[in-house]
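Take a look at the letters that make up each chain.
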Amino acid sequence: MSMDVLNKVLPDSETRPDTSHDGGDRERFSHYVQKDKITESAVTGNPVIALCGKVWVPNRDPKKFPVCPECKKIYEEMMA
């Protein structure tokens, strides 16, 4: 993925790109993403950024996976 693409999808807020090599653990979870970004991604094919920093193009049913613990923790802290 080129930096031009990343610059177009990064929100104004600070985000950590997924640069870890965690054995694919993040592939086993559903992640929290702004709803309008999911819709936009479905139309454009552009990647989205989860609260935990994972960057990807959604293509699986999130209901089939447990919620990412890092996304859940960040979301709960935002709502507190």
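Relevant structure appears above.
Residues numbered from 1 in each chain as written. Predicted model: local features only at pLDDT ≥ 70, side-chain atom pairs only at ≥ 80, totals over all residues. Heavy atoms only, no water.

1. So, the overall build of the chain
Put simply, the test is: Only DSSP runs of H or I covering at least 4 residues are called helices, and only runs of E covering at least 2 are called strands; the numbering of each starts at the N terminus. Think of it in three bands: residues with accessible area under 20% of the maximum for their type are buried, residues over 50% are exposed, and the middle band is partly exposed, with areas taken using a 1.4 Å probe on protein chains only. Throughout, a residue-residue contact means that at least one pair of heavy atoms, one from each residue, lies within 4.5 Å. With residues, only the protein chains shown are counted as cover, and all accessible areas are computed by Shrake-Rupley using a 1.4 Å probe.
Of the regular secondary structure elements, the chain holds 3 helices and 2 strands. Secondary structure of the chain in N-to-C order comes out as α-α-β-β-α. Looking at the chain residue by residue over its 80 residues, the buried ones come to 22%. A sequence separation of at least 24 residues applies to 55% of the contacts in the chain between residues at least 6 apart. Element-wise, carbon and sulfur atoms account for 53% of the exposed surface of the chain, whose accessible area totals about 6200 Å².

2. Thoughts on the environment of Cys68
Along the chain, the position of Cys68 falls in the loop between β2 (55-56) and α3 (69-79). Along the chain, Cys68 and Tyr32 lie 36 residues apart, while their C-alpha atoms are 7.8 Å from each other.

3. Focus: the environment of Glu70
Tracing the backbone through its elements, the reader meets Glu70 in helix α3. Exposure remark for Glu70: the relative accessible area of 31% places this residue in the partly exposed category. Taking C-alpha positions, Glu70 is 9.8 Å from Ala50, a pair spaced 20 residues apart along the chain.

4. What to know about the state of the cysteines
The cut-off we apply is this: Criterion for a disulfide: a pair of cysteine sulfur atoms within 2.5 Å.
Tallied over the full model, the rule gives 0 disulfides. In this model Cys52 remains outside any disulfide bridge; the closest cysteine sulfur is found in Cys71, 3.7 Å from its own. Here Cys68 is not cross-linked by a disulfide; its sulfur's nearest cysteine counterpart is in Cys71, at 3.9 Å.

5. Observations concerning the nonpolar core
Nonpolar side chains tend toward joint burial in soluble globular proteins. The criterion, for reference: We define the nonpolar core as a collection of buried residues of types Ala, Val, Leu, Ile, Met, Phe, Trp, Tyr and Cys that are connected through side-chain atoms lying within 4.5 Å of one another.
In this structure, Val33, Val48, Ala50, Cys52, Trp56, Cys68 and Cys71 together form the largest nonpolar core, which totals 7 residues. Residues contacting Val48, with those up to four places away along its chain left out, are Val33, Lys37, Ile38, Ser41, Lys54, Val55, Trp56 and Pro58.

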